[in-house]
Amino acid sequence: MKTYEDLATDGGSNIIGQVVTQREKLRGRLDQIKHKIALLSGKGGVGKSSLTANVAACLALQGHKVGILDADLNGPSIAKLLGVPNEEKLKVEADGVHPGEGALGIRIMSMDMLLPTADAPVMWTEGKEATAVWVSTMECTALRELLADTIWGELDYLLIDMPPGSDRMDNIRDLVPELAGVVEITIPSNMSQHIVTKSITKNSNLGVPIIGLVENMATYVCPHCNEEGDLFQGEDTKALAEKKGIKFLGSIPFDTRISGNTRSGKMFFAEHQESPTGKAISGVVDKILEFIESNSK
Ligand SMILES: Nc1ncnc2c1ncn2[C@@H]1O[C@H](COP(=O)(O)OP(=O)(O)OP(=O)(O)O)[C@@H](O)[C@H]1O
Ligand SMILES: [Mg+2]
């Protein structure tokens, strides 16, 4: 009778062999990365990508080697945020693809870098106007390939920028079972809090460690009178974290300069560390690092 090992090297289509090889390749890449952290929300447009980019900048400025996987396959934004132009050609080797080098030396891999032009959308099926057809139609396969085929090298942190949707962690949990944890992000609106609550519940049920909850776009300082006011109406986000039994990681004020810098790829955090928003991002990073440290003992 054939054993599992025989099947892996058996002739014919050798599907099991391919799966084993792929799994080993993925493992080989991930073993070189100390800590993997996903940033998510469930809700769209709350600042997941902006915070991923700026948390990465903060870690990089502390001297850590940092990479970002843009897991938002259909709405990728990390390449743009870190100033890696679509035209920059990926360096391909027999073993894989080199990640793009973004601001502050942050290594990135994003679907955006695989599309033929900056305005091309991702197409999952070959149609009349297909601009990019992935070898597989499965998003999970695409994520596995982005993780396993990228020559990440040694990293201290790999941040994973998640797409909106509270069902998105299943794939990542399966591909990266040693994930250090997830950072949940909300804005202080009732709607966002309603949806992030589902995401927290979902991740607790999956057994994914939750590092904590961040409140983004918490307040806005009027540039004319310097008065600080609320941008949204909702329940107290700190109380929400307590209710769900997770840590509150901090409130990040609204700062229009975060969106401005995406054009140049200059990192907001690198340029405005001393602003209230910059300091708040530092505070969130401190809490993430505390979590990592206390969980890796
Ligand atoms: N603290 C902030 N102050 C000002 N603008 C912000 C802040 N955080 C995010 N933004 C802006 O809000 C918009 C949405 O942010 P971003 O794209 O990071 O959200 P997202 O959650 O990743 O969205 P999606 O669900 O589409 O992936 C962007 O224009 C971004 O520049
Ligand atoms: Mg995003």
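See the structure shown above.
A quick note: this is a predicted structure, and the numbers were derived from the prediction, not measured.

(A) Quick peek at helix 2 (residues 15-30). A rise of 1.5 Å per residue sets the reference length of helix 2, with its 16 residues, at 22 Å; its end C-alpha atoms lie 23 Å apart and thus fit the reference within 8%. Listing the buried residues of helix 2 in full gives Gly 17, Val 20, Leu 26, Arg 29 and Leu 30.

(B) Geometry of the pairing of strand 8 (residues 181-186). With six of its six residues buried, strand 8 lies for the most part within the structure. The side-chain alternation of strand 8 yields two buried faces, one formed by Gly 181, Val 183 and Ile 185 and the other by Val 182, Glu 184 and Thr 186. Both strand 8 and strand 9 (residues 210-216) contribute to a ladder of five bridges, which runs parallel. Of the residues in strand 9, the one forming a bridge with Ile 185 is Val 214.

(C) Up close: the nonpolar core. Counting 45 residues, the largest nonpolar core has Ile 37, Leu 82, Ile 108, Val 183 and Ile 288 as the members making the most contacts within it. Those residues within four positions of Ile 37 in sequence are excluded, and the remaining contacts are Tyr 157, Leu 158, Leu 159, Ile 160, Leu 179, Ala 180, Gly 181, Val 183, Ile 211, Ile 288 and Ile 292. Ranked by size, the runner-up nonpolar core spans 40 residues in total, among them Ile 33, Leu 69, Val 97 and Leu 147.

(D) Examining the site of ligand 1 more closely. Taken together, 16 residues are adjacent to ligand 1, and Lys 48, Ser 49, Ser 50, Asn 216 and Asp 255 come closest. Within the backbone of Gly 47, an N or O atom sits 3.0 Å from an oxygen atom of ligand 1. Note that an oxygen atom of ligand 1 is positioned 2.9 Å from one of the backbone N or O atoms of Ser 49. Out of a free accessible area of 630 Å², ligand 1 has 77% covered by protein chains. At the level of elements, helix 3 (48-61) and helix 9 (257-260) are the ones that each hand at least two residues to the shell around ligand 1. The greatest single-element share of the shell around ligand 1, amounting to three residues, is contributed by helix 3. Looking at the shell around ligand 1 residue by residue, the class counts come to six nonpolar, seven polar and three charged.

(E) Highlighting unusual backbone geometry. For Leu 104, which is not glycine, the phi dihedral falls at a positive 60°. A relative accessible area of 39% means that Leu 104 is categorised as partly exposed. In this model, Met 217 sits at a positive phi of 55°, which is unusual for a non-glycine residue. Summarising the element assignment, Met 217 is placed in the loop between strand 9 and strand 10 (219-221). Among the residues examined, Met 217 registers a relative accessible area of 19% and is labelled buried.

About the thresholds
Residues numbered from 1 in each chain as written. Chains lettered and ligands numbered in written order. Predicted model: local features only at pLDDT ≥ 70, side-chain atom pairs only at ≥ 80, totals over all residues. Heavy atoms only, no water. Helix = DSSP H or I, 4+ residues; strand = E, 2+ residues; numbered from the N terminus. Expected span 1.5 Å × (residues − 1). Buried < 20%, exposed > 50% of the residue type's maximum accessible area, 1.4 Å probe, protein only. Pairing = 2+ DSSP bridges. Core = buried A, V, L, I, M, F, W, Y, C linked by side-chain atoms within 4.5 Å. Contact = heavy atoms within 4.5 Å. Near = heavy atom within 4 Å. Polar contact = N/O pair within 3.5 Å; in protein donor to acceptor, adjacent residues only side chain to side chain. Areas by Shrake-Rupley, 256 points an atom, 1.4 Å probe, with all protein chains shown as cover. Nonpolar A, V, L, I, M, F, W, Y, C, P; charged D, E, K, R; others polar.

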